[in-house]
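Architecture at a glance
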Amino acid sequence: PADRPGRAVIELAAGHRIRGRVVDEEGRPLGNVRVAYDDGNQPFGEGGSGSTDAEGLFAFDELPAPCPFDFSRAGYSEVRRRDLPLDGPDVVEVRMAPAGVILGRAVDGAGRPVGSFRVRLGFSPQRRPDEPTAGLTYDLFEPGQEFHAADGRFRLADLPVGTPLQVTVSAPGHEDA
């Protein structure tokens, strides 16, 4: 009521900051890398995101602690949920590896190429705790990618490096393998 107004005390903790640089495996700066913090790349994430400049530099302040970071750029393996030191005087370096590629060939039981087939990816059921986890686009799981190649060869690109995957090949008239 007007004669007894309510009172709320809200205490805000000081935010944290980071200055970083994203480089490739050779130490060259990577521009236009999407940098998301505190799940800012998720639909209901509370964080935010930005991009590196031409020198691979990024900076954020007003961060929560702890604060995981994700890094993505076409042609490079995504870096997910990386904990980085906050509030330090130095620029934090993050290395990104080129994206992985799976090259394969679909053949029948006699070793002859299968000309029309589908390739689906899934995460390996035999993962070890120290192996990296990375996102894949859903269409690689279902329905997968169709290939029509007389020599049976296929190529899947822009895959996360080091993440164990299960590859399944399906073709009409053949058992999945």
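This text goes with the structure placed above it.
What this report covers is the structure whose coordinates are included nearby.

So, how was this worked out
Residues numbered from 1 in each chain as written. Predicted model: local features only at pLDDT ≥ 70, side-chain atom pairs only at ≥ 80, totals over all residues. Heavy atoms only, no water. Helix = DSSP H or I, 4+ residues; strand = E, 2+ residues; numbered from the N terminus. Rg over C-alpha atoms; globule rule 2.2 N^0.38 Å. Buried < 20%, exposed > 50% of the residue type's maximum accessible area, 1.4 Å probe, protein only. Contact = heavy atoms within 4.5 Å. Pairing = 2+ DSSP bridges. Axes fitted to C-alpha atoms, helices over the stretch in contact; angles between N-to-C directions. Core = buried A, V, L, I, M, F, W, Y, C linked by side-chain atoms within 4.5 Å.

A tally of regular secondary structure across the protein gives zero helices and 12 strands. Each helix and strand of the protein, placed in order from N terminus to C terminus, yields the pattern β-β-β-β-β-β-β-β-β-β-β-β. For the protein, the C-alpha radius of gyration of 23 Å lies well beyond 16 Å, the compact-globule estimate for 177 residues. Counting only residues that meet the buried cut, the protein has 34% of its 177 residues in that class. Of the contacts formed within the protein by residues at least 6 apart in sequence, a portion of 63% connects residues at least 24 apart.

As a further point, take the sheet that holds strand β7 (residues 92-95). In space, the three strands of this open sheet follow the order β4-β1-β7, with mixed pairing throughout. Looking at strand neighbours, the two that pair on one side only are β4 (57-63) and β7, the edges of this open sheet. Within the sheet, the average angular offset between the axes of one strand and its neighbour, ignoring direction, is 30°. Two strands pair when backbone bridges link them, and strand β1 (residues 16-23) and β7 are joined in this way by four bridges, in the parallel orientation. When the sheet's bridge partners are listed, V22 is paired in β7 with V94.

Before going further, it helps to examine the pairing of β1. Relative to β4, β1 is paired through five bridges, and the arrangement is antiparallel. Bridging from a neighbouring strand, G20 pairs with F58 of β4.

If you look at the biggest cluster of nonpolar residues, it comprises 18 residues, and the most contacted ones within it are I18, V22, F60, L63, F69 and F71. Within the residue set of this core, elements represented by two or more residues are β1, β2 (34-37), β4, β5 (68-72) and β7. Of all the elements, β4 adds the most residues to this core, at three residues. If we skip the residues at most four places from it in the chain, F69 touches I18, V35, A36, Y37, F60, L63, V79, R80, R81, R82, L84 and L86.

Pairing in this open sheet of three strands is antiparallel, and the strands run β10-β9-β12 from one edge to the other. The open sheet has two edge strands with one neighbour each: β10 (145-148) and β12 (165-170). Across the sheet, the mean angle from the axis of one strand to that of its neighbour is 25°, orientation sign disregarded. Looking at chain direction, strand β9 (residues 116-123) and β10 are connected through four bridges and run antiparallel.

That is the geometry; function is a separate question.
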